[in-house]
Structure formats: structure tokens, C-alpha cells
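# Structural description and commentary
Chain by chain, the residues:
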Amino acid sequence: MITILDYGIGNITSIRRAFEKSNATVRITNDPDLILSSSGLILPGVGAFSVAMKRLKDDGLIEVLHDYKNSEKPILGICLGMQMLFDGSYEFGEHEGLCFVPGFVKKIDVPEDTKLPNIGWNRLIRPKSMKWKKTILESIQEDSNFYFVHTYGAETSDSSDTLSYTDYSDTEFCSTVKRGNIYGCQYHPEKSGTEGLKIIKNFIMLTGNKNE
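This one's a predicted model, so the numbers in the text were calculated from it and none came from an experiment. (Residues numbered from 1 in each chain as written. Predicted model: local features only at pLDDT ≥ 70, side-chain atom pairs only at ≥ 80, totals over all residues. Heavy atoms only, no water.)

The subject of this paragraph is the packing of aromatic side chains. Inspection of every chain in the model, using the stated rule, returns six aromatic pairs. One aromatic cluster is present, built from ring pairs that chain together Phe-146, Phe-148, Phe-173 and Tyr-187. (Phe/Tyr/Trp six-rings, centres within 6.5 Å; stacked < 30°, edge-to-face > 60°.)

Quick look at the structure:
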């Protein structure tokens, strides 16, 4: 059973459909017991970092998420959900994140004439020292494009946590993060066609439920 965390912020419907299309059993909940019993957890998110973190705190979910992380079962953050995995964000001030991945989220430092937010398709670049086998990016074609909608990008403190990076107007940011059982996608795999569905299927495989 894969749980999509429901805390009132996120594109839950499209994520659920993508997982169901990949033959996963999915539930949407914020119940702590159901979350902790899940084989995999999805942290969605759209909007402002501080608002999303406040919602998690108000719903009493931050400790639950830390307990789930410590269970070593896989977590996948998508878009803002990925950013919340980091130590914090400088979006409209400085705000603390979940502290699952060392690093901070900052506004993409692009030339003044460059359009923000970054909306559209772009590719994932594999760091030379990084292997994608047995991760959510296994079998992904490196020239494939994925769909992005964001103004802020993550910077990992430890480069080995960057599973892929993306170049937008000569500015690089972490587009896929991996630290132990923690994964994050700055892009939207659920909106990225066949290659995006591969990522979702790879995550399902990581939960240990190959036929879910």
C-alpha cells in the first residue's frame, strides 16, 4: 500500500492516477497509523514552502514523517514536496524544512531577462560519478525531458545526494535527490509521459511490492 500524504496542499489527483495506472494500490490520508503502515510514502506539494510546512506542523505530521523516515521505507517528495525534504528554504524569508536532506532551497539565480517561474520541459543530467541503477531513475534515457514548474531550486550540501541536476539558462539545480531511502523530484513525473511513469514504477519496485 502506497500512501499519498493529504495535508491540504498538493496535486494529489494526478499523482494518484499515475500510480493507479502503474497498478499500485494507493490511499490518500493524513492518519498517522495508516501512514506508518504504508510500504511507500508520497509527499506532494504546490505553492509556498512556509505555508506547506505550517500545515504539516498544524496537522501534527512532522513527527510522523520523521518516524516514517526512520523506518527506512521509501519516501518520494514531488515538486514542493521535494523542497520540504531539505534543511530549509529562503523563499520569502528563511524557513526550516524537514531536515531529511542537508542543503537549502534558493531562488534560481538566472539572468534578469530569463523567465521565472521555470515552466516547461527540460532534461535530467547524470553526475559523472553517479549511477542510476537500483534508483528511481533506473532505465531513464538521459536525453528525456521532464515537466517543471518552479521558481526555487535545491542545493545539496553533499554532492553525492544529487541523483540528477538540470540546467536552466546556464544555472544548475538539483532536479532529483537521493539520500538513503529518501527521494525527491523537482519535476512532475506524473505529468512527464512515459519516462515519468518509469520513475513511478521504479518507486513502486523500491517499496518491495513488485506486483502492487
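Take helix H4 (residues 62-70) next. Along H4, the residues that are buried comprise Val-64, Leu-65 and Tyr-68. An end-on view of H4 places all buried positions within 100° of arc, on one side of the element. For H4, exposure combined with an orientation more than 90 degrees from the buried face picks out Glu-63 and Asn-70. Buried residues in H4 make contact with strand S1 (2-5), helix H2 (32-36), strand S3 (40-43), helix H3 (49-58) and strand S4 (75-78). (Buried < 20%, exposed > 50% of the residue type's maximum accessible area, 1.4 Å probe, protein only. Helix = DSSP H or I, 4+ residues; strand = E, 2+ residues; numbered from the N terminus. Arc of directions from axis to C-beta. Contact = heavy atoms within 4.5 Å.)

Taken N-terminus to C-terminus, the directions of helix H1 (residues 12-21) and helix H6 (residues 193-206) make an angle of 70°; their axes are 9 Å apart at the nearest point. Relative to H6, H1 is oriented roughly perpendicular. For the pair H1 and H6, contact is made by Ala-18, Phe-19 and Lys-21 and by Leu-197, Ile-200, Phe-203 and Ile-204, respectively. Here the contact of H1 with H6 is built from residues that sort into six nonpolar, no polar and one charged. (Axes fitted to C-alpha atoms, helices over the stretch in contact; angles between N-to-C directions. Parallel < 35°, antiparallel > 145°, perpendicular 65-115°, else oblique. Nonpolar A, V, L, I, M, F, W, Y, C, P; charged D, E, K, R; others polar.)

For the largest pocket, the calculated volume is near 160 Å³. Looking at the largest pocket, the residues that line it are Val-46, Gly-47, Cys-79, Leu-80, Gln-83, Glu-91, Val-149, His-150, Thr-151, Tyr-152, Gln-186 and His-188. Residues belonging to the lining of the largest pocket are distributed by class as follows: five nonpolar, six polar and one charged. (1 Å grid on protein atoms, 1.4 Å probe; cavity = no way out; pocket = protein on both sides within 12 Å on 5 of 7 lines; lining within 4 Å. Points joined across faces, edges and corners; volume = space filled by probe spheres on them.)

With that settled, the discussion passes to unusual backbone geometry. Between Leu-116 and the following residue, Pro-117, the backbone shows a cis peptide bond with an omega angle of 5°. Summarising the element assignment, Pro-117 is placed in the loop between strand S7 (101-107) and strand S8 (118-123). Here the phi dihedral of Cys-79 falls at roughly 60°; this positive angle occurs in a residue that is not glycine. Inspection of the secondary structure assignment puts Cys-79 in the loop between S4 and helix H5 (80-83). The phi dihedral of Phe-92 is positive, around 55°, even though this residue is not glycine.

With that settled, the discussion passes to the nonpolar core. Formed by 33 residues in total, the largest nonpolar core has its most connected members in Phe-19, Ile-42, Leu-76, Ile-136, Leu-137, Tyr-187 and Ile-199. Only S1, H1, S4, strand S9 (145-150), strand S11 (162-168), strand S13 (182-185) and H6 provide two or more residues apiece to this core. A per-element tally of this core places H6 first, with five residues. Filtering out sequence-adjacent residues up to four positions away, Leu-76 remains in contact with Leu-41, Ile-42, Leu-43, Ile-136, Tyr-183, Gly-184, Cys-185 and Phe-203. Within the second largest apolar cluster, 29 residues are counted, among which are Leu-61, Val-64, Leu-85 and Val-105. (Core = buried A, V, L, I, M, F, W, Y, C linked by side-chain atoms within 4.5 Å.)

This next bit is on the side chain of Thr-3. Inspection of the secondary structure assignment puts Thr-3 in strand S1. According to the relative accessible area criterion, Thr-3 is buried, its value standing at 0%. Other than its neighbours up to four places away in sequence, Thr-3 contacts Arg-27, Thr-29, Leu-34, Ile-35, Ser-38, Gly-40, Leu-41 and Ile-42.

To continue, consider the pairing of strand S5 (residues 86-89). Taken together, the three bridges between S5 and S7 define a ladder with parallel strand orientation. What sits directly across from Gly-88, in S7, is Phe-104. Strand direction decides the pairing type here: S5 and strand S6 (residues 95-96), joined by two bridges, are antiparallel. Opposite Gly-88, over in S6, you have Glu-96 as the bridge partner. A loop of five residues connects S5 with S6, the two strands running antiparallel in sequence, and Phe-92 in this loop sits at a positive phi of about 55°. (Pairing = 2+ DSSP bridges.)

Everything listed here is a matter of coordinates, which is why it stays silent on function.
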